[in-house]
Amino acid sequence: MHRRSPRIVRRLAKRLASSAALVLLAAASGAAGAAATAAPAHAETGTYRQVTGFGSNPGNLQMYEYVPAGLPSGAPLVVALHGCTQSADDYYGHSGWPKYADLWKFAVVFPQTSTSNNIQKCFQWFDPAKDARGGTEASSIVQMVSYAEQQHGSDPHRVFLTGLSAGGGMTADLLAAYPDVFAGGAVDSGLPAQCATSLTAASGCQMNNQNLTPAQWGDKVRNSHPGYTGPWPRVAIWQGTADYTVYPVNATELRDQWTNVWGISQTPSSTQSLPGGTTQSVYNDAHGKPAVEVYSISGMGHGLAVDPGSGADQCGSTGAYFLDAICSTSYTAKFWGLDGSSGTDPGDPGDPGDPGGWTPQCFTATNYAQVTAGRAHTSGGYTYANGSNQNMGLYNVFVTHTLKETSEGYYVISDSGC
C-alpha cells in the first residue's frame, strides 16, 4: 500500500484547515437538506409567496413574504433570515412568525440565498463585500424592505430584523450597517457584528473568545455607518448554553457590543426566569426602557428556540435546528412592541423622535437637495428622511417635501407646514 509522504500529509491538513470555517458554517444553522418543511402550527389566514422584481438585487437573493389577511397600512415589518443549508420555506414553516403576523398584523419578509452564492447557502456575514453598508447581499435585503414598504404601506419606523446562526451573524451586521432602516433586531445563536471579515476568520469567531473590550466591540458597530449617532436598534440575543457550533461566548460579546453602543452598563438592570430553562437579562437605556435583552437557555444546543402548542406564548414546530424549549419568536415580538405594547414605537418616552426641549426647524426642498444637505438618504432609488426613515418617494429633483427637524438629526415629513 502506497504511503503518503509527510509533505503531502501536511499539504492535505492545510487544505482541510482552510475549509474548516465553511464546514462549521454548514453546521451552524441549517435544517438538514433532507428535512421537509413542516406544516404551519396554526391555521394561517394570509398569503405566503415568492416576490420577484423587488429591485436590482445585487446580492442575487430571493424574496418570499407572508402577508396576513386584513393587513392595515402603517403596520410593522419583520425580516427573518434563515441559516446555512436552510431555505425561506424552512423558516416560514418552523419559526412561528406567521402565527404572530396573523395575530398582531404585520408582514414578514423571508430572504433566501442559494448555492450559487455560497455552497452551503449561508448568508455571508464574514465578507465585507456582502454584509457591509452598500454590500451586495445587504443591499438586496434593504431593497426587499423598500419594496414591502411601498407595496404594503409598512411603517418605516417599525422595521425589525431577526436571523438564525449565519442569518444571525448577518442580522448583527445589518443592524450595524443600517441602523437607519431597522428599529430592532434579534440574533439567534449568532455572532457579533463584524466579528469576522474573511472566511478563514469565521470559525475563530464561532468558537473562541475574541478578547475585545466592550468599546472595541462597539466600535465595530459605529464604524459600520460612520457619522451616524442614533437612534440605535434595540437588540434581543438568544443563546443555548450547550451550543458547540456558535459558542455561548458570542452572546456575551453581543451583549458587550450593543450595550456599549447604547452607552449603558454590561450589568443587567433585571433578570428573571422564563419557561424552558431560560434566563432573561434586561439592560435598560437611560430612560428605563429595555435596549438590550439576553436570553440564555440552559442545556439547549445550536438552533432557534420554539415551543409547539396552541398557547399564547407557544409557537413553531420542531425540526433540525428548531429546538423545543421556549417560543423565542413570541418574546422577541413583544420586546419589539409588535403586540401593541410600547416596544419601539415612535413617540415613546426617550425616543429620539420626541421633541423635548428642541425647537423644530423646517426645510422645504427637492428630494435630491434634502439628501445633498444631509437631511435624508437614499436606498433602492427611494429617498428616506434621516432619523424617522419615512419614505419620501423617488430620489430626484421632481419631488419636493418639507422636512421638520424634531430633534437633532431627526427629520419627519411635514408638508402641511412647520
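Check the entry above for the structure.
Reference entry: report on the structure contained in this document. (Residues numbered from 1 in each chain as written. Predicted model: local features only at pLDDT ≥ 70, side-chain atom pairs only at ≥ 80, totals over all residues. Heavy atoms only, no water.)

Here helix α7 (residues 166-177) spans 16 Å end to end across 12 residues, near enough to the 16 Å set by a 1.5 Å rise per residue. Counting buried positions along α7 yields 12 of 12 residues, so the element is predominantly enclosed. All of the buried residues in α7 are Ala166, Gly167, Gly168, Gly169, Met170, Thr171, Ala172, Asp173, Leu174, Leu175, Ala176 and Ala177. (Helix = DSSP H or I, 4+ residues; strand = E, 2+ residues; numbered from the N terminus. Expected span 1.5 Å × (residues − 1). Buried < 20%, exposed > 50% of the residue type's maximum accessible area, 1.4 Å probe, protein only.)

Between Gly230 and the following residue, Pro231, the backbone shows a cis peptide bond with an omega angle of 5°. Structurally, the position occupied by Pro231 is in the loop between α9 (214-222) and β7 (234-240). A positive phi angle, close to 60°, is found at Lys121, a residue other than glycine. By the element assignment, Lys121 lies in the loop between β4 (107-112) and α5 (128-131). Of note, the phi angle at Asn211 is positive, near 55°, even though the residue is not glycine. Within the secondary structure, Asn211 is located in the loop between α8 (199-207) and α9.

Moving on: the sheet that holds strand β10 (residues 290-297). In space, the 10 strands of this open sheet follow the order β1-β2-β4-β3-β5-β6-β7-β10-β9-β8, with mixed pairing throughout. A strand with exactly one partner marks an edge of an open sheet, and here the two such strands are β1 (47-51) and β8 (270-274). Neighbouring strand axes in the sheet, compared pairwise and without regard to direction, differ in orientation by 15° on average. Where β7 and β10 come together, 6 bridges link them in parallel fashion. Looking at the pairing, Ile237 lines up with Val294 of β10. The sheet contacts of α7 involve β3 (77-81), β5 (159-164), β6 (184-188) and β7, and relative to β5 the element is tilted by about 145°. Each of β6, β7, β8 and β10 touches helix α11 (residues 328-335); the most contacted strand, β7, lies at about 160° to it. (Pairing = 2+ DSSP bridges. Axes fitted to C-alpha atoms, helices over the stretch in contact; angles between N-to-C directions. Contact = heavy atoms within 4.5 Å.)

A separate point is the state of the cysteines. Under the counting rule described, the total for this entry stands at 3 disulfides. Residue Cys195 pairs covalently with Cys205 via a disulfide, S to S 2.1 Å. Disulfide Cys195-Cys205: torsion about the S-S bond near -105°, hence left-handed. Pair noted here: Cys195 is in the loop between β6 and α8 and Cys205 is in helix α8, with a separation of 10 residues, a long-range link. (Disulfide = S-S within 2.5 Å.)

A sheet is described by the order of its strands in space; here 3 strands give the open sequence β14-β15-β16, paired in antiparallel fashion. Looking at which strands have only one partner, the edges of the open sheet turn out to be β14 (376-379) and β16 (391-394). The average undirected angle you get between the axes of adjacent strands in this sheet is 30°. Strand direction decides the pairing type here: strand β15 (residues 382-385) and β16, joined by 3 bridges, are antiparallel. Bridging across to β16, Tyr382 finds its partner in Leu394. Sitting on the sheet, helix α6 (residues 136-152) touches β14, β15 and β16, and the angle it makes with β15 is about 85°.

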